Amino acid sequence: MDTKKTTFNNRLLPYLLLAPQLFITLVFFIWPAAQAVKSSFEREDPFGLSTAFVGLLHYQRLFEDPNYLDALSRTAVFAVSVTALSMLLGLAFAASVDRLVRSGKVYTTLLVWPYAVAPVVAGVLWWFLFNSSTGLMPFFLEKIGIDWDHDLNGTQAMILIIIAAAWKQVSYNFLFFLAGLQSVPQSLMEAAAIDGSGPVKRFFNISLPLLSPTTFFLFIINVNYTMFDTFPIVDATTVGGPAQATTTLVYKVYQDGYLGLNLGSSSAQSVLLMLIVMVLTFVQFRYVERRVQY
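In this report, the structure presented in the accompanying data block is examined. It should be emphasised that the depicted structure is a prediction, and the values quoted were computed from it without experimental measurement. (Residues numbered from 1 in each chain as written. Predicted model: local features only at pLDDT ≥ 70, side-chain atom pairs only at ≥ 80, totals over all residues. Heavy atoms only, no water.)

1. Points about the overall build of the protein chain
On a plain count of helices and strands, the protein chain comes out with 13 helices and two strands. Overall, the C-alpha framework of the protein chain stretches about 75 × 75 × 30 Å when taken along its three principal axes. Here the protein chain holds 294 residues, and 37% of them are scored as buried. Sequence-distant contacts, at least 24 apart, represent 66% of the contacts inside the protein chain between residues at least 6 apart. Per element, the accessible surface of the protein chain, about 18100 Å² overall, is 67% carbon and sulfur. For the protein chain, the separation between the mean place of its 18 positive charges and that of its 18 negative charges on side chains is 13 Å. (Helix = DSSP H or I, 4+ residues; strand = E, 2+ residues; numbered from the N terminus. Buried < 20%, exposed > 50% of the residue type's maximum accessible area, 1.4 Å probe, protein only. Contact = heavy atoms within 4.5 Å. Areas by Shrake-Rupley, 256 points an atom, 1.4 Å probe, with all protein chains shown as cover. Lys, Arg positive; Asp, Glu negative; His and termini not counted. Charge placed at Lys NZ, Arg CZ, Asp CG, Glu CD.)

2. A few points about the layout of surface pockets
A volume near 330 Å³ is recorded for the largest pocket. If you trace the largest pocket, you find 13 residues lining it, with A95, D98, R99, M189 and S207 closest to the centre. Counting only elements with at least two residues in the lining of the largest pocket, the list comes to α3 (66-98), α7 (154-182), α8 (186-194) and α9 (199-210). Looking at the lining of the largest pocket element by element, the count peaks at five residues for α9. In terms of residue class, the lining of the largest pocket is built from seven nonpolar, three polar and three charged. (1 Å grid on protein atoms, 1.4 Å probe; cavity = no way out; pocket = protein on both sides within 12 Å on 5 of 7 lines; lining within 4 Å. Points joined across faces, edges and corners; volume = space filled by probe spheres on them. Nonpolar A, V, L, I, M, F, W, Y, C, P; charged D, E, K, R; others polar.)

3. Considerations on the environment of Y258
Relative to the elements of secondary structure, Y258 occurs in helix α12 (residues 249-259). Distance from Y258 to R291, taken between C-alpha atoms, is 42 Å for residues 33 residues apart in sequence.

4. Some remarks on the packing of helix α1 (residues 13-40) against helix α13 (residues 263-286)
Running from amino to carboxyl end, α1 crosses α13 at an angle of 125°, the nearest separation of the two axes being 7 Å. When the interaxial angle is binned, α1 and α13 end up oblique. Considering how the two elements wind past one another, α1 and α13 form a crossing that is left-handed. On α13, the residues that touch A36, V37, S39 and S40 of α1 are L263, G264, S267, A268, S270 and V271. In the contact of α1 with α13, the residues fall into five nonpolar, five polar and no charged. (Axes fitted to C-alpha atoms, helices over the stretch in contact; angles between N-to-C directions. Parallel < 35°, antiparallel > 145°, perpendicular 65-115°, else oblique. Left-handed = near helix turned anticlockwise from the far one by under 90°.)

5. Some points on the packing of aromatic side chains
Between two aromatic rings, the relevant description is the distance of the centres plus the angle of the planes. Here the structure, examined in full by the defined rule, presents 15 aromatic pairs. Aromatic pair Y115 and Y172: ring centres 5.5 Å apart, planes at 40°, arrangement tilted. Within this pair, whereas Y115 is found in the loop between α4 (104-112) and α5 (119-129), its partner Y172 is found in helix α7, the two being separated by 57 residues in sequence. The partly exposed category is assigned to Y115, whose relative accessible area is 37%. Between F130 and W148, the ring centres sit 4.9 Å apart and the planes meet at 45°, which makes this aromatic pair tilted. In this pair, F130 is assigned in the loop between α5 and α6 (136-143) and W148 in the loop between α6 and α7, connecting sequence segments 18 residues apart. In this structure F130 comes out as buried when scored by relative accessible area, which is 6%. An aromatic cluster of three or more residues is present, and its members are Y115, Y172, F176 and F217. (Phe/Tyr/Trp six-rings, centres within 6.5 Å; stacked < 30°, edge-to-face > 60°.)

6. Quick notes on the pattern of salt bridges
Close approach of charged atoms allows side chains of opposite charge to pair. Using the criterion set out here, one finds two salt bridges in the structure. For the salt bridge of K252 with D256, the shortest nitrogen-to-oxygen distance reads 3.3 Å. In this pair, K252 and D256 are both assigned in helix α12, four residues apart and thus about one turn of the helix distant. Given the relative accessible area of 8%, K252 is considered buried. (Salt bridge = Lys/Arg side-chain N within 4 Å of Asp/Glu carboxyl O.)

7. Concerning the side chain of Q284
Within the secondary structure, Q284 sits in helix α13. Judged by its relative accessible area of 6%, Q284 is buried. When neighbours within four sequence positions are excluded, Q284 is seen to be in contact with F216, F219, I220, V223 and E289.

8. Looking at the nonpolar core
F78, V82, F130 and A165 are the most contacted members of the largest nonpolar core, which has 17 residues in total. The biggest single contributor to this core is α7, with seven residues. Contacts of F130, omitting those with residues within four sequence positions, involve M137, P138, L141, W148, H150, L160 and I163. In terms of nonpolar packing, the next biggest core, distinct from the first, is built from 14 residues, A71, A79, V250 and L272 among them. (Core = buried A, V, L, I, M, F, W, Y, C linked by side-chain atoms within 4.5 Å.)

9. A look at a nonpolar patch on the surface
On the surface, a cluster of nonpolar side chains totalling about 710 Å² of accessible area is made up of F23, I24, L26, V27, F28, F29 and I30. You can see F29 is positioned in helix α1. Residue classification places F29 among the exposed positions, given a relative accessible area of 55%. (Patch = residues over 30% accessible without salt bridge, like charges linked within 9 Å, V, L, I, M, F, W, Y side chains within 5 Å.)

Okay, here's the thing in structure tokens:
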């Protein structure tokens, strides 16, 4: 069977086709990242009128700053919790919908809706639900002896942003897990059923191992989501409080750079955050991918 190949008579045509995307990447990604790296080595006044080269001073001060180290540990707890919760719920919902025949499309539509909600709207929604004065959740929690007030309790505030961030990401995980489950060959499931395997055993012995590529992909996406895309949720729910209890790394970049006008330190923090994500992604591809069965 002959394979058709696309040939370009004009050698410049492929580069012209790539030019718009390369231009967007250069202007909106590479150039800002380069400016952040440059600014991290400089001390600049809030109005940008004068700059002075300070070398690694900002990085040194960050690692000596207990507030930054606390934000680093809180970010680790936040990232692990949101990733685990959103992926487990997404997998559970996908497995449930996959067993439905008639009403599966209805449930899929309902479960996808939260993904269409903007992150800041999701944060405001959960803030209203857990508002200590007018929210429904504190009223029900009080019935079981839990006095909820995330404005004063740092642990409760962290739980709130974890729930809000995970709720926003469940729909994304659900769609990919459902697509993965529906691509599992039915012949394998039928053969296992004939051998006497029940639904639970078939899921853990057949479906779940075949979902490893999807799980690996979602794991990387969710970690990046918790590091970068959760800023609006934190800002809309707790504003980093109380007493910096929910100040994650991405939110501290905003606090120090936009609110505190410490541009050099903020740039250094953004560079470190980018490096952390790059290292995590490298470790995932270098070691975790070995366990993936394609």
